[in-house]
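So the chains spell out like this:
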Amino acid sequence: MSDIKTREISINAQNMMPIIKKWLYSDKDIFVRELIANGVDAITKHKRLAAAGEAEYDPKPYFIQVAIDLENKALRFSDNGLGMTADEAERYIGEVAFSGAAEFAKKYEQKGDDAIIGHFGLGFYSAFMVAKRVAVESRSFLPDAAPVRWESDGVSEFTVSAGGREQRGTDVILFLDGEDEEFLFGEKLAEIIKKYCSFLPVPIYLLDPAAEKEESGEPCACGHDHGDGECACGHDHEGEECACGHDHEGEKCACGHDHEGEKCACGHDHEGEKCACGHDHEGGERPCGHDGEDLGRQLNNTSPLWLKNPKDCTDAEYLAFYRSVFHSFDEPLFWLHLNVDYPFNLKGILFFPRLRADLGLEGQIKLYNNQVFVADNIKEVIPEFLMLLRGVIDCPDLPLNVSRSMLQNDGTVKKVQAHITKKTAERLNQLFEENRETYEKDWKDIAPFVRYGAVRDEKFFELVQNSLLFEKLDGGFCTLEQLKEQAKNDGGRVYYVTDRRSQSFYIDLFKEQGQSAVMMGGPVDEVFINFLEYGQKGLSFARIDADVAQSVKGQYEDMPELAPLEALMKKAAGDEKLAVAVEPLKSGELLSMLVMDEQSRRFYDMATQYGNGMPAIPPSAKLVLNGASPVIKALAKEGDAEKADLIAAYVYDLALIGSGRMNEEQSKGFFRRASKVLSLLAEKQN
């Protein structure tokens, strides 16, 4: 090709580019994924042609390289895939790509921020988000094809001329805009590549001339020769043996990782050339297979665990995968491996993590499309309650170029959600039935996922209701059916505890009388209680410190007169509106309780959580005095006003402590009064 063709771009690019930059500004780094994905596509096509005998077989490994050119402030994306002829470059890049951009602009210029899900289809022209000029050097796999160079500023025209590429494949060179030169920093670029392309099926290398090379030449204790990069399996070994526990001895790792570019078993002699892993072997054998070409450090794992058959995966592999993807040193409770080929293609692994107070309930589900990362936590695709889990889902059948509202109504999406819900429930039921002891031991961590799922998804509740557990005061567990059976003794009412410490008085009272209660202090339990009351006929819940349970009341006897006690307690509380009652309780040790009916307490707690300025003691709270206590009986008859006030205030203090409502100032008063009460005892003995 001796002459240069100049052609006008077939759309108004001045209008197109601002729209692209506007809609993709928050995800500007998306161009990295798109250009690498194009390279993978070109390699995949060449593989298919070679397998069919329509292209010459090449024993050299396929690869994609991202190289930083600091001198020219450019990025080069290279692949050894199909390549293009001059006619193909002119047709596919100059016409198809930019006409696609016009369609994109027309479709989304009137849409809101939620219009785009994964940005797939932006492809080649996403390069112009960061580049002031883009050049493409390509050579087709066809034997007689000449290399071609395509170049454009993305504004008005492109040129097609003779190229200089010697080998099959394509280079896309981005000459960066001034404000986007941040992408020339190797570590930033590596993070982006790992974010989107950690599991693509073709080795991806980053060549960063600014990075320092460590020419140790010594293999890591895990058996891999890492060069200056990290282990291809994704673990940080720090010189120790690989977490998967395999001794690789130069062969492919038994855990299923492809260590291409690291230590391998190809056995090539590079005749003194520098090995692609970055080590100088002084003329010795180079185990990399790239003919001495320095591709840089490999950043991806080409064989992710979720693509393997679950029967071929070990526990060690699941744990290693979990740690490498989610950077967590905690072991998950268990996992679910999804592997579906029909009626849709779905692969993935979901992990049930252990809960930590400082992490809350926020999970992370990574969505992939043919091993290309799309986004985290797309609730239109993944059942909402599974957002509390960690995992990866790879589903090539999902329609990603649609609005979120369309995605919610897509038939395939609904089938995927239903399948994931069913498999999650089946896994929980399997654990419950086959290993009840472990299931109960881990229930505190499992409960938030299961209960939230039950509330959010009726079908999920139907599937797991027999595996729902409730922890009892003695540490044992009961099922929902057992709970309903026990509640019949209290007229269908279930008493529950939210805080063992603040409700310890009431717990002891219940235990003494053999009264049952369950623990319900989890982050989603308040909603779960409302859900059960609505769905389970005749079942109601009351917190253990709600109005005094009938089962803990003693036999009615002569009670102290209320009038003098009511006046004393209102004065002690500093609240003339405080409701006071005298009830005979079976426990003589308990002097007083602050209680309120369940519905009033729920309303008050909700108002406290979402409102401001709520009083420490709600207006509907009632102070219950134990009329069976000798102390309360004596208080009602106390003739010394000063002494009566002191005892009354102390009794009220105990009620505050028992309800967990004592503030800092009240706490100071309590200690002062405790000293005075003890002084009275000392005076009596003297």
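Residues numbered from 1 in each chain as written. Predicted model: local features only at pLDDT ≥ 70, side-chain atom pairs only at ≥ 80, totals over all residues. Heavy atoms only, no water.

**Focus: the overall build of the protein**
Helices and strands together make up the secondary structure of the protein, namely 18 helices and 24 strands. The burial tally for the protein puts 51% of its 686 residues in the buried class. Of all intrachain contacts in the protein linking residues separated by at least 6 positions in sequence, the fraction that spans at least 24 positions is 71%. With the model as given, the accessible surface of the protein reaches about 33200 Å², and the carbon-plus-sulfur share is 47%. (Helix = DSSP H or I, 4+ residues; strand = E, 2+ residues; numbered from the N terminus. Buried < 20%, exposed > 50% of the residue type's maximum accessible area, 1.4 Å probe, protein only. Contact = heavy atoms within 4.5 Å. Areas by Shrake-Rupley, 256 points an atom, 1.4 Å probe, with all protein chains shown as cover.)

**So, the packing of aromatic side chains**
Enumeration according to the criterion identifies 30 aromatic pairs in this entry. Where Phe352 meets Phe449, the ring centres are 5.5 Å apart and the plane angle is 80°; that geometry is what we call edge-to-face. Highlighted residues: Phe352 in strand E13 (residues 346-352) and Phe449 in helix H9 (residues 443-456), separated in sequence by 97 residues. We classify Phe449 as buried; its relative accessible area is 3%. Relative to Phe528, the ring of Phe470 lies with its centre 6.3 Å away and its plane at 25°, an arrangement referred to as stacked. One end of the pair, Phe470, is in strand E17 (residues 469-471); the other, Phe528, is in helix H13 (residues 525-535), and 58 residues separate them in sequence. For the pair shown, Phe470 and Phe528 are each scored as buried. Here the aromatic residues Tyr196, Phe199, Trp306, Tyr318, Phe321, Tyr322, Phe326, Trp335, Phe351, Tyr368 and Phe373 are joined through ring pairs into a cluster of three or more. (Phe/Tyr/Trp six-rings, centres within 6.5 Å; stacked < 30°, edge-to-face > 60°.)

**Some words on the pattern of salt bridges**
Taken as a whole, this structure holds 29 salt bridges when the rule is applied. A salt bridge links Lys28 to Asp180, with the shortest nitrogen-to-oxygen separation between them at 3.0 Å. In this pair, Lys28 sits in the loop between helix H1 (13-23) and helix H2 (30-51) while Asp180 sits in the loop between strand E7 (169-176) and helix H4 (186-197), placing the two residues 152 residues apart along the sequence. Take Lys28: its relative accessible area is 15%, and that puts it in the buried class. (Salt bridge = Lys/Arg side-chain N within 4 Å of Asp/Glu carboxyl O.)

**A short note on the sheet that holds strand E19 (residues 493-497)**
Pairing is parallel across the open sheet formed by three strands, whose spatial order is E20-E19-E21. A strand with exactly one partner marks an edge of an open sheet, and here the two such strands are strand E20 (518-519) and strand E21 (540-543). (Pairing = 2+ DSSP bridges.)

**Let's talk about the sheet that holds strand E22 (residues 579-583)**
Ordered by their spatial adjacency, three strands build an open sheet running E22-E24-E23, and the pairing between neighbours is mixed. At either margin of the open sheet sits one strand with a lone partner, and together these are E22 and strand E23 (592-595). Taken pair by pair, the neighbouring strands of this sheet meet at an average axis angle of 25°, ignoring direction. Pairing of E22 with strand E24 (residues 622-626) involves five bridges; the strand directions are parallel. If you follow Ala581 over to E24, its bridge partner there is Val624. Running at roughly 135° to E22, helix H14 (residues 562-573) makes contact with E22 and E24 of the sheet. (Axes fitted to C-alpha atoms, helices over the stretch in contact; angles between N-to-C directions.)

**Focus on the pairing of E19**
Summarising burial for E19: four of the five residues are buried, a large majority. Pairing analysis gives four bridges linking E19 to E21, with the strands arranged parallel. Its bridge partner being in E21, Val494 is matched across the sheet by Phe541. In this structure, E19 lies alongside E20, joined through two bridges in parallel fashion. Residue pairing for E20: Tyr496 is matched across the bridge by Val518. Note on the crossover from E19 through helix H12 (residues 504-512) to E20: the handedness is right-handed. (Right-handed = clockwise from strand over helix to strand, strands pointing away.)

**Thoughts on the packing of H14 against helix H16 (residues 630-637)**
Running from N to C, H14 and H16 point in directions that differ by 95°, and their axes come no closer than 9 Å. Of the possible angle classes, the one that applies to H14 and H16 is roughly perpendicular. In this structure, H14 uses Pro564, Leu565 and Leu568 to contact H16, whose residues at the interface are Ile632, Leu635 and Ala636. Taken together, the residues of the contact of H14 with H16 sort by class into six nonpolar, no polar and no charged. (Parallel < 35°, antiparallel > 145°, perpendicular 65-115°, else oblique. Nonpolar A, V, L, I, M, F, W, Y, C, P; charged D, E, K, R; others polar.)

**A word on the packing of H9 against H13**
As a packed pair, H9 and H13 sit with axes 9 Å apart at the nearest point and diverge in direction by 45°. Viewed along their axes, H9 and H13 adopt a mutual orientation that is oblique. As for how H9 packs across H13, the hand of that crossing is left-handed. Contact residues: H9 offers Arg451, Ala454 and Val455, while H13 offers Asp525, Val527, Phe528 and Phe531. Residues of the contact of H9 with H13, tallied by class, amount to five nonpolar, no polar and two charged. (Left-handed = near helix turned anticlockwise from the far one by under 90°.)

**Re the nonpolar core**
Side chains that are nonpolar tend, in soluble globular proteins, to be buried together. Judged by nonpolar contacts, the single largest core of 63 residues is most densely connected at Ile36, Phe77, Leu174 and Ile193. Residue contributions to this core peak at seven residues, all from H2. Leu174 has contacts with Phe31, Leu35, Lys73, Ala74, Leu75, Phe77, Ala127, Val130, Ala131, Arg133 and Val134, leaving out every residue within four places of it along the chain. Residues Val374, Ile378, Tyr439 and Ala487 belong to the second largest nonpolar core, which totals 58 residues. (Core = buried A, V, L, I, M, F, W, Y, C linked by side-chain atoms within 4.5 Å.)

**Re the environment of Val677**
Note on placement: Val677 falls in helix H18 (residues 664-685). Through-space distance from the C-alpha of Val677 to that of Lys643 is 9.0 Å; in sequence the pair is 34 residues apart. Look past the residues within four positions of Val677 in its chain and what remains in contact with it is Leu646, Ile647 and Tyr650.

**As for unusual backbone geometry**
Between Tyr342 and Pro343 the backbone carries a cis peptide bond, its omega angle lying at 5°. Here Lys73, not a glycine, exhibits a phi torsion of approximately 50°, which is positive. In this structure, Lys73 sits in the loop between strand E2 (64-69) and strand E3 (74-79). Note on Lys73: relative accessible area 40%, which makes it partly exposed. One non-glycine residue, His327, lies in positive phi territory at about 50°. By the secondary structure assignment, His327 is in the loop between helix H5 (315-326) and strand E12 (334-340). Overall, the relative accessible area of 68% leaves His327 in the exposed class.

**Brief notes about the confidence of the model for the protein**
Model confidence for the protein is summarised by a mean pLDDT of 78, while 73% of its residues fall at 70 or above. Note that pLDDT drops below 50 for residues 107-121; the model gives that stretch 40 contacts with residues more than four away or on any other chain. Residue range residues 244-291 is modelled with pLDDT below 50. Its contacts to residues more than four positions away, or to other chains, number 124 contacts. (pLDDT = per-residue confidence, 0-100.)

**Regarding the side chain of Ser126**
Relative to the elements of secondary structure, Ser126 occurs in the loop between helix H3 (86-108) and strand E4 (131-139). According to the relative accessible area criterion, Ser126 is buried, its value standing at 0%. Not counting the four nearest positions on each side in its chain, Ser126 is found in contact with Phe31 and Glu34.

**Thoughts on the environment of Asp376**
As for its placement among the helices and strands, Asp376 is situated in strand E15 (residues 372-376). When sequence neighbours within four positions are dropped, the list of residues in contact with Asp376 reads Gln364, Ile365 and Lys366. Separated by 3.4 Å, the side chains of Asp376 and Gln364 make a polar contact. (Polar contact = N/O pair within 3.5 Å; in protein donor to acceptor, adjacent residues only side chain to side chain.)

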